[in-house]
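Inside the fold
These are the residues of each chain, in order.
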Amino acid sequence: MFNYTFHWNQALRALPQMLDGAVVTLQVAVLSMVIGVACAIALTVFRLSGSRILGGIATTWVEVARNTPALFQIYMAHFGLGNFGIHLSPYTALLVGIAFNNAGYLAENFRGALKAIPDTQARAGRSLGMTSLQAFRLIVLPQMLRVAFLPATNQMVWAILMTSLGVTVGMNTDLAGITQELNARSFRTFEFFALAAVIYYLIAKAVTLAARAFAWRMFRY
Amino acid sequence: MIEIENVRKSFSSLEVLKGINLTVDKGEVVTIIGGSGSGKSTLLTCINGLEPIDSGRIRIDGTDVHAKGTDLNKLRRKVGIVFQQWNAFPHLTVLENVMLAPRKVLGLAKDKAEEIAVKQLTHVGLAEKLKVYPNRMSGGQQQRMAIARALAMSPEYMLFDEVTSALDPMLVGEVLDTLKMLAEEGMTMICVTHEMAFARDVSDRVAFFHQGVMAEIGTPDQIFAMPQNAETQKFLASVR
């Protein structure tokens, strides 16, 4: 039944190439988080603005991002927009797709964090003579960050793993893309993908541990 | 001087203040007693403009609190308030809690703000707790920190909204002692309280609120020894 001979050497020889891909993977994930956080802040402000139009845009974004497959979101960014003459490269489409997804989840996370801080905190700040902006920036925001930080870390890990969906739109420079090309040339599917999985695991784990150390250092109370 | 003239205030259909008149002079200590829902706490939050009023007027040293052009942020530097729930800022140490507003609102340098904060915290007996986070302290200590935080702005008036109501009975004393000390130092204070012995000891005048109306006001002797109003009599009989 099992007369398969492992060829680990072949996979290990490709390791430097795969690590180059891992760098691209991390780059896409980090950029998608930066864009995602910026968009999520905007979406949160939209939802608090009281404007029906802005609120509607934000709610639609969050609903679609959270309730449709990430694969479709990336597909839409590449092929979907392509139908309208907007041609994004695989790299850009992957970035846009993941950033869209991140923003949806993070906006929900931020809203929850905001709700977790009682109104009386801002009120205490106002009664000391702070403007509403000062009370938000100095009292509410720092507490919000602590509540939102660990869920945001989860989203970062999720973003790293989502980058592997880039192969479906022709992304061939990230870890998944390179692995897929090596696989297509050698048919050593098990070895290459097992090695890629180990690299994904190590990146995700490193991010989680770094975030935990950062949180421990930052949020002392 | 705080002048409250015919102030009315409703929350939807419920009228909680039905035409309150009260003048508090510099250096005076006025305590407000009365049952729950009598409007006592609402009046305090109207005085520093945290709550708008429906009609009437509140003036602090001649400034109309609820007039359109009034800079409430500036006014609130002059009028400190401490709440039943002390609202410590959990992400800041005790020292940072007290330094924050002097630095950011008054724009003081860090060392100057720290000097003030240390002085005020020492004053309320928390000199040992400067580097501690509030959630490591008892409710009584957190409440005293909140008092120091308000005092660090060097207010001319202090409003205390049932500051001992959320505390364990054994911690009430330390907070009341702090208030007594302030009263003796000549701070102008309006205290909403359920502590009758405290009201009798520190007040120049005691006001009894009943269902949004100031039913009676007088010296502690008048109110506690010979209350004139039937509701005051009923209330005092029930809390004794």
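On a predicted model such as this, the values are computed, not experimentally measured, just so you know. (Residues numbered from 1 in each chain as written. Chains lettered and ligands numbered in written order. Predicted model: local features only at pLDDT ≥ 70, side-chain atom pairs only at ≥ 80, totals over all residues. Heavy atoms only, no water.)

**Things to note about the UniProt feature "domain: ABC transporter" (unreviewed entry) in chain B**
If you check UniProt for "domain: ABC transporter" (unreviewed entry), the listed places come out as residues 2-236 of chain B in our numbering. Across residues 2-236 of chain B, the secondary structure splits into 38% helix and 26% strand, with the terminal C-alpha atoms separated by 27 Å. (UniProt positions renumbered as here; feature names shortened; annotations may be inferred. Helix = DSSP H or I, 4+ residues; strand = E, 2+ residues; numbered from the N terminus.)

**Details of the UniProt feature "transmembrane region" (unreviewed entry) in chain A**
Residue and element names in this part refer to chain A. Cross-referencing UniProt, the feature "transmembrane region" (unreviewed entry) maps to residues 22-46, 147-172 and 192-215 in the present numbering. Span residues 22-46 is 100% helix and 0% strand, its end C-alpha atoms 35 Å apart. The span residues 192-215 shows a helical share of 100% and a strand share of 0%, and its end C-alpha atoms are spaced 35 Å apart.

**Overview of the sheet that holds strand β5 (residues 63-64) of chain B**
Residue and element names in this part refer to chain B. Judged by pairing direction, the sheet is antiparallel, and its four strands sit side by side in the order β2-β1-β4-β5 without closing on themselves. Unpaired on one side and paired on the other, β2 (14-24) and β5 mark the two borders of the sheet. The sheet contact formed by strand β4 (residues 55-60) and β5 spans two bridges and is antiparallel. Across the sheet, the residue bridging to R59 is D64, located in β5. (Pairing = 2+ DSSP bridges.)

**Observations regarding the nonpolar core**
General note: in soluble globular proteins, nonpolar side chains tend to be found buried as a group. Of all hydrophobic cores here, the largest spans 46 residues; its most connected members are M18, V28, I98, I160 and L175 of chain A. Where this core is concerned, the elements lending two or more residues are α2 (15-48), α3 (52-67), α4 (70-83), α5 (90-116), α7 (132-162), α8 (175-186) and α9 (189-218) of chain A. Ranked by the residues each element gives to this core, the list is headed by α7 of chain A, at nine residues. Setting aside its immediate chain neighbours within four residues, L175 of chain A contacts M18, G21, A22, T25, A196, I199 and Y200 of chain A. Of all hydrophobic cores here, the second largest spans 39 residues; its members include L95, F160, V163 and L167 of chain B. (Core = buried A, V, L, I, M, F, W, Y, C linked by side-chain atoms within 4.5 Å. Buried < 20%, exposed > 50% of the residue type's maximum accessible area, 1.4 Å probe, protein only. Contact = heavy atoms within 4.5 Å.)

**So, the UniProt feature "domain: ABC transmembrane type-1" (unreviewed entry) in chain A**
Per the UniProt entry, the sites bearing "domain: ABC transmembrane type-1" (unreviewed entry) are residues 18-211 of chain A in this numbering. Regarding residues 18-211 of chain A, the helix share stands at 84% and the strand share at 0%, and the terminal C-alpha atoms are separated by 25 Å.

**Observations concerning the packing of aromatic side chains**
With the rule as written, the count across this model stands at nine aromatic pairs over all chains. Here F6 of chain A and F190 of chain A contribute two aromatic rings whose centre-to-centre distance is 5.7 Å and whose plane-to-plane angle is 55°, an arrangement assigned as tilted. With a gap of 184 residues between them, F6 of chain A in the segment before α1 (8-13) and F190 of chain A in helix α9 connect regions that are remote in the sequence. On the accessibility criterion, F6 of chain A (47% relative accessible area) is partly exposed. Linked through ring pairs, Y4, F6, W8 and F190 of chain A together constitute an aromatic cluster. For the cation-ring pair, R149 of chain B lies above F89 of chain B, with the distance from its terminal atom to the ring centre recorded as 4.0 Å. (Phe/Tyr/Trp six-rings, centres within 6.5 Å; stacked < 30°, edge-to-face > 60°. Lys NZ or Arg CZ within 6 Å of the ring centre and 35° of its normal.)

**Looking at the side chain of R144 of chain B**
All names here are of chain B. Checked against the element boundaries, R144 lands in helix α5 (residues 139-151). Using a relative accessible area of 11% as the deciding quantity, one classes R144 as buried. Not counting residues up to four positions away in its chain, the partners in contact with R144 are V124, G125, L126, E174, V175 and T178.

**A short note on a nonpolar patch on the surface**
Residues Y4, F6, W8, L12 and F190 of chain A make up a contiguous nonpolar surface patch of roughly 540 Å² in combined accessible area. For F190 of chain A, a relative accessible area of 49% translates into the label partly exposed. (Patch = residues over 30% accessible without salt bridge, like charges linked within 9 Å, V, L, I, M, F, W, Y side chains within 5 Å. Areas by Shrake-Rupley, 256 points an atom, 1.4 Å probe, with all protein chains shown as cover. Salt bridge = Lys/Arg side-chain N within 4 Å of Asp/Glu carboxyl O.)

**Concerning the side chain of R188 of chain A**
Residue and element names in this part refer to chain A. Of note, R188 is situated in the loop between α8 and α9. Buried and unpaired, R188 has no salt bridge, with E191 as the nearest side chain of opposite charge at 4.4 Å. Reaching out from R188, the side chain makes a polar contact with the side chain of Y4 at a distance of 3.2 Å. Excluding its chain neighbours within four sequence positions, the residues that come into contact with R188 are Y4, T5, H7, Q10 and N183. (Lys, Arg positive; Asp, Glu negative; His and termini not counted. Polar contact = N/O pair within 3.5 Å; in protein donor to acceptor, adjacent residues only side chain to side chain.)

**Quick notes on the sheet that holds strand β3 (residues 29-34) of chain B**
All names here are of chain B. As summarised here, the arrangement of the six strands in space is β6-β7-β8-β3-β9-β10, forming an open sheet in which the pairing is mixed. The open sheet terminates on both sides in strands that have one partner only, identified here as β6 (79-82) and β10 (213-218). On average, adjacent strands in this sheet sit at an angle of 15° to one another, irrespective of strand direction. Two elements, β3 and strand β8 (residues 188-192), share four bridges in a ladder whose sense is parallel. Paired with T31 across the strands is C191, a residue of β8. Where α5 meets the sheet, its contacts fall on β6 and β7 (157-161), and the angle it forms with β6 comes to roughly 170°. (Axes fitted to C-alpha atoms, helices over the stretch in contact; angles between N-to-C directions.)

**Brief notes about the interface of chain B and chain A**
Accessible area lost when the parts come together is the quantity often used to give the size of an interface. Contact with chain B, which involves 23 residues of that partner, is made by 18 residues of chain A. Between chain B and chain A, the buried area comes to about 1900 Å², and carbon and sulfur atoms account for 63% of it. The largest contributions to the chain B side of the interface with chain A come from N73, F89 and H91 of chain B, which together make up 27% of the buried area. Counting across the chain B and chain A interface gives zero salt bridges. When residues in the side of chain B that touches chain A are grouped by element, the largest group, three residues, is from helix α3 (residues 94-104) of chain B. (Buried area = accessible area lost by both parts, 1.4 Å probe.)

**A word on the environment of L106 of chain B**
Residues and elements named next belong to chain B. Tracing the backbone shows L106 in the loop between α3 and α4 (110-123). For L106, a relative accessible area of 32% gives the class partly exposed. Sequence-wise, L106 and L50 are 56 residues apart; in three dimensions their C-alpha atoms are separated by 20 Å.

**Structural notes on unusual backbone geometry**
Despite not being glycine, F187 of chain A shows a phi value in the positive range, around 60°. In this fold, F187 of chain A is placed in the loop between α8 and α9. Judged by relative accessible area, F187 of chain A falls into the exposed class, the value being 66%. For Q211 of chain B, which is not a glycine, the phi torsion comes out positive at approximately 50°.

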